[in-house]
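Overview (structure and organization)
Now for the letters of each chain:
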Amino acid sequence: MSEALVSIPATAAAGEVIEIKILISHPMETGFRPRADGSLVPRDIVTSLRCVYHGATVLEVDLYPAIAANPFFVFPLRAERSGEIVLEWTDWQGEVHRQSGQITVG
Amino acid sequence: MRALLAALSLGAAAAGAGAEDRRSGFDYMSPQTQAMQADDTANPGMLAVLEGRRLWDAPTGSSERSCSDCHGVPEDMRGVSARYPAWDEISGGATDLAGRINLCRSRHQDAPALAYEGPELLALTTLIGLQSRGMPIAPDPDARLDTWRARGDALYRQRIGQLNLSCANCHDDNAGRRLASAPIPQAHPIGYPIYRLEWQGMGSLHRRFRNCMTGVRSTPADLGSEEFIALEAYLMKRAAGMTVETPAVRP
Amino acid sequence: MTLSRRSALVLGLGAPLLLVTRPASASPETMAEAIRDFTGGAEPAEGRVTLEIPLLVENGNSVPMSITVDSSMTAEDHVAEIAVFNERNPLPDVVRFRPTPALGQAVFQTRIRLGDTQKITAIARMSDGSLWSAAMTVIVTAPACVES
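Conventions adopted
- Residues numbered from 1 in each chain as written.
- Chains lettered and ligands numbered in written order.
- Predicted model: local features only at pLDDT ≥ 70, side-chain atom pairs only at ≥ 80, totals over all residues.
- Helix = DSSP H or I, 4+ residues; strand = E, 2+ residues; numbered from the N terminus.
- Buried ≥ 20, exposed ≤ 12 C-beta atoms within 10 Å, placed from the backbone.
- Contact = placed C-beta atoms within 7 Å.
- Expected span 1.5 Å × (residues − 1).
- Nonpolar A, V, L, I, M, F, W, Y, C, P; charged D, E, K, R; others polar.
- Core = buried A, V, L, I, M, F, W, Y, C linked by C-beta atoms within 7 Å.
- pLDDT = per-residue confidence, 0-100.

**Focus on the overall build of chain C**
From N to C terminus, chain C includes 2 helices and 9 strands. Each helix (α) and strand (β) of chain C, taken in turn from the N terminus, gives the series α-α-β-β-β-β-β-β-β-β-β. Buried residues in chain C amount to 41% of all 148 residues.

**Points about the overall build of chain B**
When you go through chain B residue by residue, the secondary structure sums to 10 helices and 7 strands. By principal-axis analysis of the C-alpha atoms, chain B measures approximately 50 × 40 × 40 Å. Taking contacts inside chain B between residues at least 6 apart in sequence as the whole, the part at least 24 apart equals 71%.

**What to know about helix 6 (residues 119-130) of chain B**
Residue and element names in this part refer to chain B. In this model helix 6 runs 16 Å from its N-terminal to its C-terminal C-alpha over 12 residues, within 8% of the 16 Å that 1.5 Å per residue would give. For helix 6, the buried fraction is high: 10 of the 12 residues fall into the buried class. Here helix 6 has its buried residues at Leu121, Leu122, Ala123, Leu124, Thr125, Thr126, Leu127, Ile128, Gly129 and Leu130. Of the surrounding elements, those touching the buried residues of helix 6 are helix 3 (45-57), helix 5 (97-109) and strand 6 (201-203).

**Quick notes on the interface of chain A and chain C**
Contacts between the two partners involve 23 residues from chain A, matched on the other side by 27 residues from chain C. Of all the secondary structure elements, the ones that give two or more residues to the side of chain A that touches chain C are strand 5 (56-63) and strand 6 (72-78) of chain A. Across the side of chain A that touches chain C, the residue classes tally to 20 nonpolar, no polar and 3 charged.

**Some thoughts on the nonpolar core**
In this structure, Leu23(A), Leu63(A), Ile67(A), Ala233(B), Ile82(C), Val95(C) and Ile112(C) are the most contacted members of the largest nonpolar core, which totals 112 residues. For this core, the element with the highest residue contribution is helix 10 (residues 226-238) of chain B, accounting for 8 residues. In this structure, Ala233(B) is in contact with Pro85(B), Ala94(B), Leu145(B), Trp148(B), Arg149(B) and Gly152(B), ignoring residues within four places of it in sequence.

**Details of unusual backbone geometry**
Residue and element names in this part refer to chain B. The residue after Tyr84, namely Pro85, is reached through a cis peptide bond having omega 0°. Residue Pro193 is reached from Tyr192 by a cis peptide bond, and omega for that bond is -10°. For Pro193, the position within the fold is in the loop between strand 4 (182-183) and strand 5 (194-196). Positive phi, normally seen in glycine, also occurs at Glu64, with a value near 55°. Along the polypeptide, Glu64 turns up in the loop between helix 3 and helix 4 (67-71).

**Quick look at the confidence of the model for chain B**
This prediction gives chain B a mean pLDDT of 93; 92% of its residues lie at or above 70. Within the model, the stretch residues 4-17 of chain B combines pLDDT values under 50 with 11 contacts to residues more than four positions away or in other chains.

Written out as C-alpha cells, the structure is:
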C-alpha cells in the first residue's frame, strides 16, 4: 500500500547537513468532526514519527490532531557515514510503518 | 488582424478576456500554497499518483487485466488528459476522463465501474493527468463536441440558485476581486484532480462544481452528469492553450 | 444588479454557509496551563526561537509552519525538546519535536491546522534546561464556495 513519499538525498559530503522530507498519506481524523447526525467521526491520527540513523534515534516527533491531513515534515540530519536512514511512524491502531533510504557519504 | 483571429478562435470566451489575460488559479494563491504545489515531495497529489501507479498495474475484474496490459506504462498516456472531455464513438456522446476509465473497465476489463469520487478513480485520473503536466490544454477537435460546448457555454452564463448568480458573474465579471476574503479565480480547470486544502484531500472538477452550486444555493447536478461534462467541455475550450498543472493544490 | 448590491447579498446570505459548529475550544488560559505543564512553571525567555507562519492564511486546514532554534546542536549544547501550543483549537498542543545533536541543526517544517485566528507559541527546552520561546498571531480566513 502506498503510504508515504520520503525524500532522502542519495549522496552527501561527510559532515554535511542534509534535508529529509516525509509526506505521509493519512487523513489525520481529529475526532472533533461532526457527522450529519451530530455524532463525531472518531479520532484516527498518526501519533508519532521517528528517524533512526545507524541504529540510533535522532529525532522523535509527537503528532496531535492539529497536524494537517497527510502529515508533512522537513528536518535536518548531519550525514556522518554511509548507511540506512529509517523513518518510522505509528498510527492510531498502534501499527508501526516504516520506510527507509540509503545514503552514501564520502 | 492577429488579435482579431485570436479573439475569434477563443469563440465564446468572455468579453475582454483575451488569451493574454487568462490566469491560472495558481496565480491567486499565497507563495506557500504555490510552493506546496510546485514541490513533488510536498504535494499531497503525488500520494494519489503513487496509489494510481499501484492500481494501474493491478489486474482487475473477471478479465484479470490491468491497465498496463493494454496501455503499457503510465508515461504512454502523455497528452491524453489534455484532450478531455473527448468524443466516445460507441456511446455516441462526450465523456470525461473518469467516465473514459469506467468505460474501459466495463468494455475491456469486465470490471465494475469505480465510484466517481472514490479514491481509486481519483488516483487513476491524477496519475493520467500528471502525464500531461506542462503541456497545453488541447481539446479534442471532434466537431460533434461543439453542441456539448455550446450547451456548456449556456450553462456557464445561466443564473441559478437563490443567489441568482451564474458562473460568469463571478469568474468573468469579478475574477481577481474577493468573495468572503478569498480571491475569485478565472475558473480555468487546468489542474484537476486537485488537492483542495478545504477538502483535506483530492477531488474532481465535478465536486468543485457542486461546491459552487451549493454556494449560490442551487441544487447541485450529479457527479459525472452530462450537464457537468458539457460545462467541462466548454471550460476546457475556454482554457485551450493554458498549461496543465495536474495535480494542482488549491485553497 | 450592481456589484455592491450583489456582493452584499452574497455576504449577507453567505455568512451562514461559513458557520461551522465548533466543539469546546482551547483558550488563552488553557494554552497558558499547557505551557506551564511543559515548563514546570518556569518562565521562558524570548529569543533564540524563530517561529514562521504566514500572517494571513488561506485555509486553516493546512498552514505551513517553520521553527528554527539558534543552536549549534553539539553534545554539550543542543535543543532537547520543542513544543508548540495554540489558543483556540480544541486542544492546546500542536506538535512536539525531540531532536538530538545528530541532526546538526534545529530547523523544522510542517503543516498544521488552525481553527481560528489565534496566537501560536513555540517553546524550546535546551540541554542545559533553559527555556526560550517565540509567539505570533495568525489570521485564519476560509475559502468561499464550500461543500455545505
